[in-house]
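Take a look at the letters that make up each chain.
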Amino acid sequence: MQGIKDRVAIVGMGCTKFGEHWDKDIEDLLVEAAYEAYEDAGLGPKDIQAAWFGTLGSGFTGLPLAHALKLEYIPVTRVENACATGTDAFRNACYAVAAGIYDIALAAGVEKLKDSGIAGLPLYFTGPDSGVEPPTPPPANFALYATRYFQHYGLSYEEGKKILAKIAVKNHHNGTLNPKAHFQREITVEQAVNAPMIAWPLGLYDCCGVSDGGAVAIITRPEIAKSLKQDYILVKGLGVAVGAMQGQLQPDYDFVHFNENVKAAQMAYAEAGIKNPREEIDIAEVHDCFTITELVIYEDLGFSPRGRAREDVEAGTFSLEGDLPVNMDGGLKCFGHPVGASGIRMIYEVYKQLQGKAGPRQIKKAEIGLTHNLGMIKAASFTTSVAIFGQKD
Amino acid sequence: MVGIVSYGAYVPRYRLGKDTVGWGGPERAVANFDEDSITMAVAAVAGCLDSQKKETIDGLLFATTTSPYAEKQASAIIATAVDLKREISTADFTNTLRGASIAMRSAIDAIKAGSSKKVLVTASDCRMAAPRSDYERTFGDGAAAFLLGDSNVVASIEASYVITDHMMDVWRASGETFVRSWEERFILDEGYQRAMRDAVVGLMKKENLTPKDFSKAVFYAPDARRHADLARRLGFDASQIQDPLFGKQGNTGAAFAPMLLVAALDEAKAGDRILYANYGDGAEAYILKVTEHIEKAPNRGNFRKLLESKKVLPNYEIYARWRDILPVETGRRPAPNPISSAALWREKDQILRLCGVKCKTCETIQYPPQRVCTKCHTKDNFEPYRFADKKGEIFTYSMDYLAATVDIPLVITVVNFQDGGRILCTMTDRELDEVKVGLPVQMSFRKLRTTGGIHNYFWKSVKIRA
């Protein structure tokens, strides 16, 4: 297997502010993100040869993207893979470029959640059925992991909540440094611990927000990238792993890790040639849909040993000043989670960091960066994507 | 010798009682928001069928005045949920408080005639009385079940007597919610007292027996005072009277006399002669003779444990919400999916019987049923595996405070079963301070919701009560 390493370069990216865009629809979000990416790449709509459009449910087929950007009679494919949607759209575009089918391709992710008028995510994906399956929206699902994680590692409710709160406080702090974040406000551990309960043991600040947003990446092969800009960013590894309901079907499934994360990371690390992720990865944007998710991800991705992520949280390892900063842009906690857009939004932050253009959030040593998404529609089974990026040699 | 082979009763966990703010009536049993006459009957039948061979059962008869459906047989749902075979006869005996004894007569006749060997009779009721009415204070919710057969009976049916009367004493028209009644002095004197006396006296006369010949008298009454009145008028003394449980469970309608009979059998000894009389559009009396098999009756004493394992509601408002007397605004959450009758039919064994599968290659027990084994990947090599009667414990759980449900927070549990297998399900009858990892639970048949007139039933985990 040849792998994706160094075969695809990102030459342009755009990302809208994430938030409650009452005055914008998906056309507005896609146009804003795409035109920032065009400008960044020095390219225009006529240069795009093929596009991949990631959205959970804010549009069907490739048509909404073609319509918004007036991409005329080129191939546009819609990708949907729960919370890994944006990254998977990007991944499919990468493969087409790496295969030499296209020279320049565009990957877009968008989601318009705030039109639904409901709390949390709308139910896009289910049709008429027996109606007996227990309702496990994301908070209830991830709370199952928090309960078991506390139990498994002997944490009292108070101890567990405090560790989770520290993750929320970190991400909220990072969000204050980012004008594109939905929430740009510091919170305290006390606020997080005492916040209203959403799905026990997860409170309000353990959960990410609900927002609208869009993000776009323009990719090409490195030899073409050279002619466009000096600071293009290379794709080093891509992994996607999808569960098969093991969590519900297998009684020995432990609810203290996500095996999909482990497998997707293994694929991406193998492609990128990463042996020791804790040492070799400089920065990471991971799927903090809930604080417990981020805690478990540290262990799944090999940033912390099993059961010991809390020691790293206590030590500040993942803060902007730490050894391995995670969610430098504020994460899902501060951006909210417009599902189709989140993956490409994360890539946007890693791209800017690797280029040294992340402003007040800039990490000094940022040569290898990782993005990660974890999605679900039914409890205890997930779609995970891991992508690794690096500066040109 | 036709008689009762086994028996069971079900009392919901919750009560309105003296600690219920805004109640002020005697203690009574209250069905949870997700219980109805069908779900309670399933629980009663499960208790009755414990260790009985299900393939020998020929029929299931269901008596109630509160069938969830006006058109659609409830007994077919119950028979499926308790995992009876397809080749049986089922019937609903509705619209009369006396349904259980009418059903019992049909079962006895069928067994005597040889058309059936074993027939289940179950009675269950969840009657609604207008808020703050006298009936609301005396009613209760519950269910009972009897397996009738002609061998190894714990109590034989010796004789019976039936009369049918028509009177507008207690009624509820189609489409109405609350039970209505006429003036008490008239309906109790000319209705209840007269019909019950005529049936009981008629039976004793026919069989040449007197009140002294009975160990126990078990009979329906609308309230405690009328129960005592009738006992006195019939000539029974206090030691012969089966406690009518007013102030404990209340008048459980069509299930009331059957539940009292279960309580009597739980305390009976071989040789006891029991008078059992029921009322409703006439009256009906039976003589039962307890046999030596009574000592080996399954789940003996379970009824009392269920009566005692209770939780008194903190306030009347909860009850009003459960019964939909007080509308509840659920949170702004996605509307539930439409229900597909085709999906319900296709998945009826996994939904109503709670059947998963056991892989014949690697023995992994799985729910819901799969085509390809989750462990060894063998295709289509499974046997059905029923979880409904299995016990387990909570492996992990969460409590969703934003769920669109009456009982916020919605408790989601992952249950690992003692004999293997795991199910992710919601939990009911739960007190939040009891929910913890490792809590022993069993499965309980409940109504999830009603959409488009379809009552959607499924199983939930509950703390083991008895």
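Please read all numbers here as calculations on a predicted model, not as lab measurements.

**Student:** Before we move on, could you go through the overall build of chain B and cite the residues and values that matter?
**Tutor:** The helix and strand inventory of chain B stands at 11 helices and 22 strands. Along the first, second and third principal axes, the C-alpha atoms of chain B reach 70 × 50 × 40 Å. Split into buried and exposed, the 466 residues of chain B put 60% on the buried side. One way to put it: in chain B the 64 positive side-chain charges average out to a point 2 Å from where the 58 negative ones average out.

**Student:** So, the interface of chain B and chain A: which residues are in play, and what are the values?
**Tutor:** Interfaces are often sized by the accessible area lost when the parts come together. Taken together, the contacts link 42 residues of chain B with 39 residues of chain A. Buried area between chain B and chain A, both sides added, is near 3500 Å², and the carbon and sulfur share of it is 61%. Counting every contact that joins chain B to chain A gives 1 salt bridge. With a shortest N-O distance of 2.9 Å, Asp252(A) and Lys375(B) are connected by a salt bridge.

**Student:** Report on the domain arrangement of chain B, specifying residues and quantitative values.
**Tutor:** Residue and element names in this part refer to chain B. For chain B, the assigned domains read domain 1 (3-322), domain 2 (354-387) and domain 3 (393-466). The C-alpha-based centres of domain 2 and domain 3 are spaced at 23 Å. Facing the 6 residues of domain 2 at the interface are 9 residues of domain 3. Here domain 2 meets domain 3 over a buried area of about 670 Å², counting both sides, of which 69% is carbon and sulfur. At the junction of domain 2 and domain 3, the tally comes to 0 salt bridges. Across the contact surface, domain 2 and domain 3 share 0 residue pairs in polar contact (both at pLDDT 80 or more). For the side of domain 2 that touches domain 3, the residue count by class is 5 nonpolar, no polar and 1 charged.

**Student:** Help me get a handle on helix 1 (residues 37-49) of chain B, residues and values and all.
**Tutor:** Residue and element names in this part refer to chain B. Between its first and last C-alpha, helix 1 extends 18 Å over 13 residues, near the 18 Å set by a 1.5 Å rise per residue. Most of helix 1 is tucked away: 11 of the 13 residues are buried. Those residues of helix 1 not exposed but buried are Ser 37, Ile 38, Thr 39, Met 40, Ala 41, Val 42, Ala 44, Val 45, Gly 47, Cys 48 and Leu 49. Backbone nitrogen of Ile 38 and a side-chain oxygen of the N-cap are separated by 2.9 Å at the start of helix 1; the cap is Asp 36. Downstream of helix 1 by a residue or two, Ser 51 has a phi angle that is positive, lying close to 70°.

**Student:** So, the domain arrangement of chain A: which residues are in play, and what are the values?
**Tutor:** All names here are of chain A. Along its sequence, chain A is organised into domain 1 (9-115 + 212-233) and domain 2 (138-208 + 235-391). Inter-centroid distance (C-alpha atoms) of domain 1 to domain 2 is 24 Å. On the side of domain 2, 35 residues touch domain 1, which itself brings 43 residues to the contact. Roughly 3100 Å² is buried in total at the junction of domain 1 and domain 2, and carbon and sulfur atoms are behind 70% of that figure. Among the residues of domain 1 in contact with domain 2, Phe 18, Cys 83 and Ile 233 are the three that bury the most area, contributing 25% of the side total. The salt bridge involving Asp 231 is made with Lys 357; its shortest N-O contact spans 3.0 Å. Run the count over domain 1 and domain 2 and you get 15 residue pairs in polar contact (both at pLDDT 80 or more).

**Student:** Can you break down the packing of helix 1 of chain B against helix 2 (residues 74-81) of chain B residue by residue, with the values?
**Tutor:** Between two packed helices, what matters for the description is the angle formed by their axes and the separation of those axes. All names here are of chain B. Remark: helix 1 packs on helix 2, axes separated minimally by 9 Å, with the N-to-C direction vectors making an angle of 40°. Here helix 1 is positioned oblique relative to helix 2, judged by the angle of their axes. Of the two elements, helix 1 crosses helix 2, and the hand of that crossing is right-handed. Between helix 1, through Ile 38, Ala 41, Val 42 and Val 45, and helix 2, the contact on the second element is made entirely by Ala 74, Ile 77, Ile 78 and Ala 81. Among the residues making up the contact of helix 1 with helix 2, the classes are represented as 8 nonpolar, no polar and no charged.

**Student:** Got a sec to walk through the sheet that holds strand 14 (residues 311-312) of chain B? Specific residues and values, please.
**Tutor:** Residues and elements named next belong to chain B. One open sheet holds the 3 strands; their spatial order is 3-2-14, and the pairing between them is mixed. Here the strands that pair on one side only, and so sit at the sheet edges, are strand 3 (28-30) and strand 14. One ladder, built from 3 bridges, connects strand 2 (residues 14-16) with strand 3; its direction is antiparallel. Each bridged residue has a counterpart across the sheet, and for Leu 16 the counterpart in strand 3 is Arg 28.

**Student:** Kindly report on the pairing of strand 15 (residues 355-359) of chain B, identifying the contributing residues and their values.
**Tutor:** Residues and elements named next belong to chain B. Counting buried positions over the 5 residues of strand 15 gives 4, a clear majority of the element. Direction of pairing for strand 15 relative to strand 17 (residues 382-386): antiparallel, over a ladder of 5 bridges. Along strand 17, the bridge assignment pairs Cys 355 with Arg 386. Pairing of strand 15 with strand 16 (residues 365-366), which is carried by 2 bridges, proceeds in the antiparallel orientation.

**Student:** Go over the packing of aromatic side chains, please, and point to the residues and values.
**Tutor:** Evaluated as defined, the whole model comprises 35 aromatic pairs over all chains. When the ring of Phe255(A) is compared with that of Phe395(B), the centres are 6.2 Å apart and the planes differ by 55°; the resulting orientation is tilted. In this pair, Phe255(A) is assigned in the loop between helix 8 (246-249) and helix 9 (259-272) and Phe395(B) in strand 18 (residues 391-400), connecting two distinct chains. Ring pairs connect the aromatic residues Phe142(A), Tyr145(A), Tyr253(A), Phe255(A), Phe258(A), Phe290(A), Phe382(A) and Phe395(B), which therefore count as one cluster. The residue whose ring lies beneath Arg148(A) is Phe395(B), and the NZ or CZ to ring-centre distance is 3.7 Å. Over the face of the ring belonging to Phe335(A) we find Arg345(A), whose NZ or CZ atom lies 4.7 Å from the ring centre.

**Student:** Describe the nonpolar core, listing the residues and the values that go with them.
**Tutor:** By size, the foremost hydrophobic cluster in this structure holds 141 residues, and its most contacted members are Ile4(B) and Leu265(B). Excluding anything up to four places from it in sequence, Leu265(B) contacts Ile4(B), Tyr7(B), Phe146(B), Ala155(B), Ile274(B), Val290(B), Ile294(B) and Arg300(B). Counting residues in each nonpolar core, the second largest holds 61 residues, with Tyr145(A), Cys207(A), Ala268(A) and Leu301(A) among its members.

**Student:** Tell me about a negative patch on the surface, residues and numbers included.
**Tutor:** Among the surface-exposed residues, Asp23(A), Asp25(A), Glu27(A) and Asp28(A) lie close enough to one another that they form a single negatively charged patch. Here Asp25(A) lies in the loop between strand 1 (9-15) and helix 1 (26-41).

**Student:** Please set out unusual backbone geometry residue by residue, giving values where relevant.
**Tutor:** Put simply, Trp200(A) and Pro201(A) share a cis peptide bond, and its omega is 5°. The topology assignment puts Pro201(A) in the loop between strand 5 (197-200) and strand 6 (202-203). Residue Ile408(B) is joined to Pro409(B) through a cis peptide bond whose omega torsion reads -5°. Mapped onto the elements of the fold, Pro409(B) is located in the loop between strand 18 and strand 19 (410-417). Positive phi, close to 65°, is recorded for Asp6(A), a residue that is not glycine. If you trace the backbone, Asp6(A) turns up in the segment before strand 1. Positive phi values are uncommon outside glycine, yet Asn299(B) reaches one of about 55°. The topology assignment puts Asn299(B) in the loop between strand 13 (282-290) and helix 8 (302-308). With a relative accessible area of 32%, Asn299(B) lands in the partly exposed category.

What counts, and at which threshold
Residues numbered from 1 in each chain as written. Chains lettered and ligands numbered in written order. Predicted model: local features only at pLDDT ≥ 70, side-chain atom pairs only at ≥ 80, totals over all residues. Heavy atoms only, no water. Helix = DSSP H or I, 4+ residues; strand = E, 2+ residues; numbered from the N terminus. Buried < 20%, exposed > 50% of the residue type's maximum accessible area, 1.4 Å probe, protein only. Lys, Arg positive; Asp, Glu negative; His and termini not counted. Charge placed at Lys NZ, Arg CZ, Asp CG, Glu CD. Contact = heavy atoms within 4.5 Å. Buried area = accessible area lost by both parts, 1.4 Å probe. Salt bridge = Lys/Arg side-chain N within 4 Å of Asp/Glu carboxyl O. Domains from an automatic or database assignment. Polar contact = N/O pair within 3.5 Å; in protein donor to acceptor, adjacent residues only side chain to side chain. Nonpolar A, V, L, I, M, F, W, Y, C, P; charged D, E, K, R; others polar. Expected span 1.5 Å × (residues − 1). Axes fitted to C-alpha atoms, helices over the stretch in contact; angles between N-to-C directions. Parallel < 35°, antiparallel > 145°, perpendicular 65-115°, else oblique. Left-handed = near helix turned anticlockwise from the far one by under 90°. Pairing = 2+ DSSP bridges. Phe/Tyr/Trp six-rings, centres within 6.5 Å; stacked < 30°, edge-to-face > 60°. Lys NZ or Arg CZ within 6 Å of the ring centre and 35° of its normal. Core = buried A, V, L, I, M, F, W, Y, C linked by side-chain atoms within 4.5 Å. Patch = residues over 30% accessible without salt bridge, like charges linked within 9 Å, V, L, I, M, F, W, Y side chains within 5 Å. Areas by Shrake-Rupley, 256 points an atom, 1.4 Å probe, with all protein chains shown as cover.

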